[in-house]
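# Per-entry structural report
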Amino acid sequence: MPYTQLLPWYDENKRVLPFRGTRDAYAVWISEIMLQQTRTETVSGYYTRFMERFPDVEALALADEQEVLKYWEGLGYYSRARNLHKAAKIVYQEYGGRFPHSHETVRALPGIGDYTAAAVCSIAYRLAYPAIDGNLTRVISRVHGIREDVGIPSVKRQIEELGKAHIDPDRPGDWNQALMDLGATICLPGTPDCARCPLKEKCDAFLQDDAELLPVRAAAKPPKPVPMGVALVTHNGKILVQQRDAALLKGLWVFLLLENDDTPDGLLKKLHGMGIEAALKSDLGEAKHVFSHRIWNMKIYHFEATEVRKKTGFRFVNSEELAALPLPTAMKAARKRAMELLNADIE
Ligand code: SF4
């Protein structure tokens, strides 16, 4: 059995994390959603703050979405926060605030995929579902010597099946977390530290000396660069913001953005179309933000509005209001410059 030494190793070496040690499904769910695509060290602070403000399903379900997004600000992948909020409302309304207990019902909640359902059910309810994330995929593919592209559906299924076959039925949550820890501290991408690994004697990749080549993955497409004009439009000591409607960053607040055109003329035309006449005041430099599939190459300009004919589809806010709105990390550089403009206006 390749995993015999896994749980004894985990008992001695598990990472101490603020979201560990609980079997409260709500708490496990919040931490697992935060941990998707986000580093463990980053999650710790966010998790503590989030749980203080939203300690249970009811608190989250009754909160305003904008506040939830504000607590998520900086974590990225904001659809996670919107789905958390939606799911909390369902649990509150349909399950009387008690997190559902079967894998099927947990999996049916918004934003919960196979991985999260398995993590919640194994940790909170001791149900034997392997939580196959990047770490588990890497470790399992190495231990069992899977040398095909792990992105292929049949190979994914094979890894899932191996997980199901080997998960510890008495301690499934610990088994999942042990593999997560092993993947995060020893069985690292690139060069694993096999000498320290409790599984090495039964690990196919270690015995074949090709762990560094596994898992096999087809090269990911590089993110596509997108030119983006960013207008900081001031008017009577306030600045223009809009709430995003597009799928990327939906619900968050941004300055006026113009995709695929980073020129002042393009931004002035867009403003004109919104019923705003403005004059270019200064070029505030560039900023870049990398998403998973695209890179925003932003050019930031300051405009002063000279005429505002309409007031729909945007808001003018002062520095305090701006600080209270949930803005994505992509707006970090622009927000800093916006604050400087607003504060200079006050002085
Ligand atoms: S022996 Fe090496 S490759 Fe195998 S599971 Fe351990 S760290 Fe990973």
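Residues numbered from 1 in each chain as written. Predicted model: local features only at pLDDT ≥ 70, side-chain atom pairs only at ≥ 80, totals over all residues.

## Quick notes on the overall build of the protein chain
Which entries qualify depends on this criterion: Put simply, DSSP H or I for four residues or longer makes a helix, DSSP E for two residues or longer makes a strand, and each gets a number counted from the N terminus. To sort residues by exposure, count the other C-beta atoms lying within 10 Å of each residue's C-beta; 20 or more gives buried, 12 or fewer gives exposed, and values between give partly exposed, all with C-beta atoms placed from the backbone. C-beta atoms are placed from the backbone for every residue, and two residues are taken to be in contact when these atoms lie within 7 Å.
What the protein chain contains, in helices and strands, is 15 helices and seven strands. Considering only C-alpha atoms, the protein chain reaches an extent of 75 × 50 × 35 Å along its principal axes. Counting every position in the protein chain, which comprises 347 residues, the buried fraction comes to 36%. Partitioning the intrachain contacts of the protein chain with sequence separation of at least 6 by distance along the chain shows that 69% fall at a separation of at least 24.

## Overview of unusual backbone geometry
Following leucine 214, the chain continues to proline 215 via a peptide bond in cis, the omega torsion being -5°. Topologically, proline 215 is positioned in the loop between α12 (204-208) and β1 (224-235). Of note, the phi angle at arginine 126 is positive, near 55°, even though the residue is not glycine. Checked against the element boundaries, arginine 126 lands in the loop between α8 (114-125) and α9 (134-143).

## Concerning the site of the ligand
Rules: A molecule or strand has a residue near it when that residue's C-beta atom, placed from backbone coordinates, lies within 6 Å of it. All amino acids are sorted into three groups, where Ala, Val, Leu, Ile, Met, Phe, Trp, Tyr, Cys and Pro are nonpolar, Asp, Glu, Lys and Arg are charged, and the leftover types, Gly among them, are polar.
Taken together, 14 residues form the shell around the ligand, and within it Cys187, Cys194, Cys197, Cys203 and Ala211 come nearest. It is α9 that contributes the most residues to the shell around the ligand, three residues altogether. In terms of residue class, the shell around the ligand is built from 12 nonpolar, no polar and two charged.

## Focus: the environment of alanine 178
Residue position: alanine 178 is located in helix α11 (residues 172-185). With 42 residues separating them in the primary sequence, alanine 178 and leucine 136 have C-alpha atoms 9.5 Å apart.

## Describing the domain arrangement of the protein chain
To be explicit about the condition: As used throughout, domain bounds are those supplied by an automatic or database domain assignment.
You can read the domains of the protein chain as domain 1 (6-213) and domain 2 (224-346). Measuring from the centre of the C-alpha atoms in domain 1 to the corresponding centre in domain 2 gives 36 Å. Of all the secondary structure elements, the ones that give two or more residues to the side of domain 1 that touches domain 2 are α5 (65-72) and α6 (79-94). At four residues, α5 tops the list of elements feeding residues into the side of domain 1 that touches domain 2. In terms of residue class, the side of domain 1 that touches domain 2 is made up of two nonpolar, four polar and four charged.

## Here we look at the nonpolar core
Heads up, the rule is: A set of buried residues drawn from Ala, Val, Leu, Ile, Met, Phe, Trp, Tyr and Cys, joined through C-beta atoms within 7 Å, is what defines a nonpolar core.
Membership of the largest hydrophobic core comes to 94 residues, with the highest contact counts inside it found for Ile30, Val120, Ala231, Leu232, Val233 and Phe255. Per-element accounting of this core gives the leading share, nine residues, to helix α2 (residues 25-35). Split by domain, this core shows at least three residues from each of two domains, domain 1 (6-213) and domain 2 (224-346). Isoleucine 30 has contacts with Tyr47, Phe50 and Met51, leaving out every residue within four places of it along the chain.

## Describing the packing of α5 against α6
Short version of the rule: Helix axes are fitted to C-alpha atoms over the stretch in contact, other axes to C-alpha atoms as well, and angles between N-to-C directions run from 0 to 180 degrees. Oblique is the label for any angle not under 35 degrees, not over 145, and not in the 65 to 115 range, which are roughly parallel, roughly antiparallel and roughly perpendicular in turn. By the definition used in this description, the sense in which the near helix is turned from the far one sets the handedness, with an anticlockwise turn below a right angle giving left-handed and a clockwise turn giving right-handed.
In the contact formed by α5 and α6, the axes pass within 9 Å of each other and the chain directions differ by 135°. Taken together, the axis directions place α5 and α6 in an arrangement best described as oblique. Here α5 runs over α6; the crossing is right-handed. Listed contacts from α6 to Glu65, Val68, Leu69 and Trp72 of α5 are Ala81, Arg82 and His85. For the contact of α5 with α6, a count of residues per class yields four nonpolar, one polar and two charged.

## So, the environment of alanine 128
With respect to the secondary-structure elements, alanine 128 resides in the loop between α8 and α9. Judged by C-beta crowding, with 19 C-beta atoms within 10 Å, alanine 128 ranks as partly exposed. Here alanine 128 is in contact with Ser122, Ile167, Pro169 and Pro172, once residues within four sequence places are set aside.

## A look at α6
An α-helical segment advances 3.6 residues per turn. Residues three or four places apart therefore align on the same side. Which entries qualify depends on this criterion: To estimate the expected span of a helix, count its residues, drop one, and scale the result by 1.5 Å.
Between its terminal C-alpha atoms α6 stretches 22 Å, which fits the 22 Å expected from 16 residues at 1.5 Å a residue. Among the residues making up α6, those that are buried are Ala81, Leu84, His85, Ala87, Ala88 and Val91. Each element contacted by the buried residues of α6 is listed here: α2, α4 (57-61) and α5. Of the residues one or two after α6, glycine 96 is the one with positive phi, at around 60°.

## Concerning the pairing of β1
Applied cut-off: A pair of strands is considered paired only if DSSP assigns at least 2 bridges between the two.
The pairing of β1 with strand β6 (residues 294-308) spans 11 bridges and is parallel. Of the residues in β6, the one forming a bridge with valine 226 is tryptophan 296. Here four bridges tie β1 to strand β4 (residues 256-259), and the two strands are oriented antiparallel to one another. Looking across to β4, one finds that methionine 228 is bridged to glutamate 259. Connecting the antiparallel pair β1 and strand β2 (residues 238-243) is a turn made up of two residues, with asparagine 236 showing a positive phi of about 50°.

## Details of the pairing of β2
Sheet analysis places β1 next to β2, joined by two bridges and oriented antiparallel. Its bridge partner lying in β2, histidine 235 is registered against lysine 238. Summarising the sheet, β2 and strand β7 (residues 315-317) pair through three bridges and their orientation is antiparallel. Bridge assignment links valine 241 to a residue of β7, and that residue is arginine 315. By the bridge criterion, two bridges tie β2 to strand β3 (residues 253-254) in an arrangement that is antiparallel. Bridge pairing in β3 places glutamine 242 opposite valine 254.

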